[in-house]
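Here is how the chains run, residue by residue.
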Amino acid sequence: MDANVIAGQLKKITGKPGQAGVILHGNGGHIVLGDGKHPITSVTIRPDGLIEVTSDTGWDVFDAADVAVVYWNGTPGEGGGQYL
């Protein structure tokens, strides 16, 4: 998947409460990027092409090529649901 598409979807929910994350291809697993108490605070595409997502609990870096799904389950009234 394209890094700009993933970053664009995550930037839409920056600062919003709800569980956000990505599901990786194959047995790569699942990365939770933000939750109801700790929303995403920034999303950056680094010079090496990796995506860096921060919250007040830390940061995650991942390769867009490994991503199968980007999701957000918003709190009531915020919307939410699968983006990609």
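Rules used in this analysis
- Residues numbered from 1 in each chain as written.
- Predicted model: local features only at pLDDT ≥ 70, side-chain atom pairs only at ≥ 80, totals over all residues.
- Heavy atoms only, no water.
- Helix = DSSP H or I, 4+ residues; strand = E, 2+ residues; numbered from the N terminus.
- Rg over C-alpha atoms; globule rule 2.2 N^0.38 Å.
- Buried < 20%, exposed > 50% of the residue type's maximum accessible area, 1.4 Å probe, protein only.
- Contact = heavy atoms within 4.5 Å.
- Areas by Shrake-Rupley, 256 points an atom, 1.4 Å probe, with all protein chains shown as cover.
- Lys, Arg positive; Asp, Glu negative; His and termini not counted.
- Charge placed at Lys NZ, Arg CZ, Asp CG, Glu CD.
- Pairing = 2+ DSSP bridges.
- Axes fitted to C-alpha atoms, helices over the stretch in contact; angles between N-to-C directions.
- Salt bridge = Lys/Arg side-chain N within 4 Å of Asp/Glu carboxyl O.

Peer 1: Go over the overall build of the protein chain with me, naming the residues and quoting the values.
Peer 2: If you tally the helices and strands in the protein chain, you get one helix and seven strands. Starting at the N terminus and ending at the C terminus, the protein chain contains elements arranged as α-β-β-β-β-β-β-β. The C-alpha atoms of the protein chain give a radius of gyration of 12 Å, which matches the 12 Å a tight globule of 84 residues would have. Taking all 84 residues of the protein chain together, 32% fall into the buried category. The long-range share in the protein chain, meaning contacts at least 24 apart out of those at least 6 apart in sequence, stands at 50%. Only carbon and sulfur atoms are counted for the fraction: they give 51% of the accessible area of the protein chain, which is about 4500 Å². The average position of the 5 basic charges and that of the 9 acidic charges among the side chains of the protein chain differ by 8 Å.

Peer 1: With reference to specific residues and values, describe the sheet that holds strand β5 (residues 58–62).
Peer 2: If you trace the three strands from one edge of the open sheet to the other, you get β3-β4-β5, paired in antiparallel fashion. Unpaired on one side and paired on the other, β3 (40–45) and β5 mark the two borders of the sheet. Geometrically, the sheet is characterised by an average inter-axis angle of 15° between neighbouring strands, direction not taken into account. Summarising the sheet, strand β4 (residues 51–55) and β5 pair through five bridges and their orientation is antiparallel. Paired with Thr54 across the bridge in β5 is Trp59. Across the face of the sheet, helix α1 (residues 3–12) comes into contact with β3, β4 and β5 while running at roughly 165° to β3.

Peer 1: I'd like a rundown of the pattern of salt bridges, residues and numbers included.
Peer 2: Inspection of the entire model under this criterion finds two salt bridges. Ionic pairing is found between Asp48 and Arg46, a salt bridge with its closest N-O pair at 2.5 Å. Note that Glu52 and Arg46 form a salt bridge whose closest N and O atoms lie 3.9 Å from each other. Taking the relative accessible area as the measure of exposure, Arg46 reaches 26% and is therefore partly exposed. Salt bridges here are not isolated pairs; linked through shared partners, they connect Arg46, Asp48 and Glu52.

Functional significance is not addressed by these values, which are geometric in nature.
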